[in-house]
Amino acid sequence: FIGRLVKSTQLLPGVYFSTGGWADYNNDGNLDLGITGQDYSNESITKIFSNENGFLNQDIDQVIEAVVGGHLSWVDYNNDGYLDLTLNGFQIINFVPYIETFFYKYDPEQEKFVEDTESELFLDKNFDGIPDHVTAGGSNAHHWGDYDNDGDLDYVHAGYDKYYNRRLDVFYNDSGILRLDTNQTDLVPIYPGIVQWTDLNRDGRLDLVTIGADETQSLRMRGYLSDPNHILKPSLHYEAEVYGVTAGAIAFGDYNSDGYDDFALTGLNANQELITYVVQNAINTFSITHVLSGVYYGKPSWGDYDADGDLDLIVTGQSSTEGDWGLGSEPITVIYVQDDGSFSEDMTLTMDSVGVSFTQWGDYDADGDLDLFLAGFKKNQDVVSQVYDNLESLENPNKAPNAPYLLDDSNINNDKVTLTWSAPVDPSNANGGSTPELGLRYQLQVGSIDENNEHAVSTGHYGIGEIGYINRNQKELKDLPAGDYSWRVRAIDHGYATSNWSNTDYFRILKLVYPGDTDNNGIVNEMDILPIAFYFHMTGPQRENISYDWDGFNIESWDFREATHADANGDGIIDQLDVIAIGLNWGNEHSEVVGTSSVINLEDQGLIDQNMDNLVEIYHSLSGTSIAVESMKVLLESIILVELPMEYSLKQNYPNPFNPFTSIGYDLPKGTFVNITIHDIKGNVVKRLVNDHQSAGYHSVHWNSLNDAGNQVSAGLYLYTINVQEFNQTRKLILLK
């Protein structure tokens, strides 16, 4: 008798304290493999293996830093259609562990992973040479998911930072740069750190599950539910000490196919007991449904390896706490086959028993069944990495789901769209198994037609695992810029088989403009004068209705999107006429803020200096005594007075009398063409000192007593005059012998 899983002929370096994952990083349609960990010689390694027609060959061009005891993710976080690589853990240098996090972007032109340090994880605000947010927390110490529903994948991590402070940080994705979400103030920092994005209550918003010890050493699971503004709030329904573990790991999967994500958990609990639990998401609470052989220092993994339509479970790790170096002993590998909600050990299999281990399912040979990657060390201390080929497909290959259909994007509300589709059927396999409808998961791809990027909003490229999974046939996207979009969706069954992509559908987001709210923050006030000044004289699409009426007008976004709202009257040009809308709609408010605000940062002195002439011109154009006008004048004066004179002026030269040098000062409240000339007392031009356009400000010019021909003039009385478009003035100066 031959069991379903047999050792393959793949030659891989053995690793323990390892992590890894299957993913098609080079977009050739085959699952590749990434692994990181410690090899038999205690050297830390990270290796990428390219799948070439079923053979895993090391890609020697990839140079990746190595970590141990950490976590690795394949994720397209910059939405270019290529999978990037993130990993965190402990980097061993001269036998000393250092906490590290590494991000790598895949560069398709070089066909290489390039280290990326642009995100705020790597900021060093106190300039001590240590990044402020780099962490390590063990297995499952970071995760990716679209928690803010804007389409791209965001990041969460937990564990110790480089100062050995506990952390739990959420970073939102800003065009491929991860920025710290400072609004998440209710999160409890933990170490060790297990984190997972999952939609606990199926409301369409990702919630957060964490396991670890806080600063008081309270070891527990904590659940945070996302509110409508995507602020994560602690939920007592999902908080429990019974799930608090160290040296543990978690794997989420909907084992009972009810649409809610359940999980398997391993580790050492607060009572120093080894546990393996299968836990059901029982709606507003977790409930332990199965207690299996306890392990720690391992990684469970879900997958329908027998193609009967439900999730089975592999558990590896150390089954005894006795042993050297605090790593336990008695490694085990057990596959629990599920039969209608019950789990029993598959006794037909002969596999390496490993601890300090990692496992993941994936159909790397594309034959319709789940193969297995397993790594760790055996009882005799041999370090192994092994791929097991699954023979299930010889008689019972898993059939991929049909494609989702009846796509609907008609529910558009300003910058939000709700995408829905009909759930497909997962066809029955030869032995009758198929994934129930509620057990299906979905992956979404949303592109921008304007940017000619089919991955612009939501990537269509995912690795094996739950990153990017949607657990219902609906997805709301928000904060979409005005423009035209394409989208499609595909289904995934319990055997990780993906359907074909659905047909592509299309929708359009229009910009909503309220005349006078030029910074798009929901209220008309004095701050709305600033976008008009900063985008002065820009042009863009004219509205269908040119009007100052207080109403929301749909309009195509301008090429420079931030300027769209500054065209208050909708005539296609930003000028003084748009100021009228501020006065007419002063104090009005609305709640339909579409997209991001264009509020001007008054601390950006460079931006203010760049637009000073516009600010001055608009200031001088304001007339009347209304509250709106006075408020705008006060604001502009607070900006302009620090930098500029409020009126034209020609200063008395200094020194006077002089020989042979003197300086003449003059003030320009705004940029203009300036002419300053020296005349003799008969009115003849002696010297043209200035004859060009100059910016607003305080100026001076020097005269060295030479005329336009370069000759020294005689002593005596002279006149000097300034002429600008709106001002002229004459003063006297005396040249001594």
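Residues numbered from 1 in each chain as written. Predicted model: local features only at pLDDT ≥ 70, side-chain atom pairs only at ≥ 80, totals over all residues. Heavy atoms only, no water.

1. Observations concerning the overall build of the protein chain
This is how the line gets drawn: Helix numbers and strand numbers start at the N terminus; a helix is a DSSP run of H or I with at least 4 residues, a strand a run of E with at least 2. Three labels apply to residues, based on accessible area from a 1.4 Å probe with only protein chains included: buried if under 20% of the type maximum, exposed if over 50%, partly exposed otherwise in between. Only heavy atoms matter for contacts: two residues are in contact if any of them lie within 4.5 Å across the pair. Residue-level accessible areas treat just the shown protein chains as cover; the underlying method is Shrake-Rupley with a 1.4 Å probe. All tallies of charge rest on Lys and Arg as positive and Asp and Glu as negative; His and the ends of each chain are not included. Each charge is placed at NZ for Lys, CZ for Arg, CG for Asp and CD for Glu.
Across its full length, the protein chain holds 5 helices and 45 strands. By principal-axis analysis of the C-alpha atoms, the protein chain measures approximately 120 × 60 × 50 Å. Put simply, the protein chain has 737 residues, and 57% of those count as buried. A sequence separation of at least 24 residues applies to 58% of the contacts in the protein chain between residues at least 6 apart. Accessible surface for the protein chain amounts to roughly 30,700 Å². Of this, 46% is attributable to carbon and sulfur atoms. Between the centroid of the 39 positive side chains of the protein chain and the centroid of its 112 negative side chains there is a distance of 9 Å.

2. Considerations on the sheet that holds strand β40 (residues 662–668)
As a reminder of what qualifies: By this definition, two strands are paired if DSSP reports at least two bridges between them.
Strands sit in the order β39-β40-β43 across an open sheet of 3 strands; the sheet is antiparallel. The two strands at the open ends of the sheet, each matched to only one other strand, are β39 (649–650) and β43 (697–703). Where β40 meets β43, 7 bridges bridge the pair, whose relative direction is antiparallel. Bridge pairing in β43 places S663 opposite H702.

3. With respect to the pattern of salt bridges
Let me state the cut-off plainly: For this analysis, a salt bridge means a side-chain nitrogen from Lys or Arg found within 4 Å of a carboxyl oxygen belonging to Asp or Glu.
The final tally for this structure, using the stated rule, is 24 salt bridges. A salt bridge links D261 to R441; the nearest nitrogen and oxygen atoms lie 2.9 Å apart. Here D261, found in the loop between β19 (245–253) and β20 (262–269), pairs with R441, found in strand β32 (residues 441–448); they are 180 residues apart in sequence, far enough to count as distant. Among the residues examined, D261 registers a relative accessible area of 13% and is labelled buried. Note that K670 is salt-bridged to E726, the shortest N-O span being 2.9 Å. Pair noted here: K670 is in the loop between β40 and β41 (672–680) and E726 is in the loop between β44 (716–724) and β45 (727–735), with a separation of 56 residues, a long-range link. For K670, a relative accessible area of 18% puts it in the buried group. Because the salt bridges share partners, they merge into one network encompassing R4, D346 and E392.

4. Remarks on unusual backbone geometry
The omega torsion of the bond from Y191 to P192 falls at -10°, within 30 degrees of zero and hence cis. Here P192 lies in strand β15 (residues 191–198). Residue P660 is bonded to the preceding N659 through a cis peptide linkage, with omega at -5°. Within the secondary structure layout, P660 lies in the loop between β39 and β40. The backbone of F127 shows a phi angle near 55°, a positive value even though the residue is not glycine. As for its placement among the helices and strands, F127 is situated in the loop between β9 (112–115) and β10 (135–136). The residue Q217 is not glycine, and still its phi comes out positive at about 70°. Structurally, Q217 can be placed in the loop between β16 (207–213) and β17 (219–226).

5. A few points about the nonpolar core
Selection rule: The definition of a nonpolar core used throughout is a set of buried Ala, Val, Leu, Ile, Met, Phe, Trp, Tyr and Cys residues joined through side-chain atoms within 4.5 Å.
Formed by 33 residues in total, the largest nonpolar core has its most connected members in I529, L530, M612, L615, I618, L636 and I640. At the level of elements, α1 (529–534), α2 (577–584), α4 (612–621) and α5 (627–643) are the ones that each hand at least two residues to this core. It is α5 that provides the largest number of residues to this core, a total of 7 residues. Setting aside residues up to four positions removed in sequence, L636 forms contacts with I529, L530, L615, I618, Y619 and L622. Grouped together as the second largest cluster of nonpolar side chains are 22 residues, L650, I664, V686 and F727 included.

6. With respect to the pairing of strand β34 (residues 474–477)
On a regular strand, one side chain projects to one face of the sheet and the next to the other, so that they alternate. Judged by which residues are buried, β34 turns out to be one-sided: K475 and L477 face inward and are buried, whereas Q474 and E476, on the alternate face, are not. In this sheet, β34 lies alongside strand β31 (residues 416–422) in antiparallel orientation, the contact comprising 4 bridges. Looking at β34, one finds that T418 is bridged to E476.

7. Quick notes on the sheet that holds β34
Threshold: Here an axis means a line fitted to C-alpha atoms, over the contact stretch when the element is a helix, while the angle between two N-to-C directions is reported on a 0 to 180 degree scale.
The 3 strands are arranged β30-β31-β34 in an open sheet whose pairing can be described as antiparallel. Of all the strands in the sheet, just β30 (405–413) and β34 have a single pairing partner and so form its edges. Between one strand axis and the next, the sheet turns through 15° on average, direction left out of account. As judged from the 5 bridges shared by β30 and β31, these two strands associate in the antiparallel manner.

8. Thoughts on the side chain of N471
Definition in use: Counted as a polar contact is a pair of N or O atoms within 3.5 Å, where, for protein atoms, one must be capable of donating a hydrogen and the other of accepting one, and residues adjacent in sequence contribute only when both atoms are in side chains.
With respect to the helices and strands, N471 occurs in the loop between β33 (453–458) and β34. At 3.4 Å, the side chain of N471 forms a polar contact with the backbone oxygen of D199. Not counting residues within four places of it along the chain, the set of residues in contact with N471 comprises D199, R202, G259, D261 and R441.

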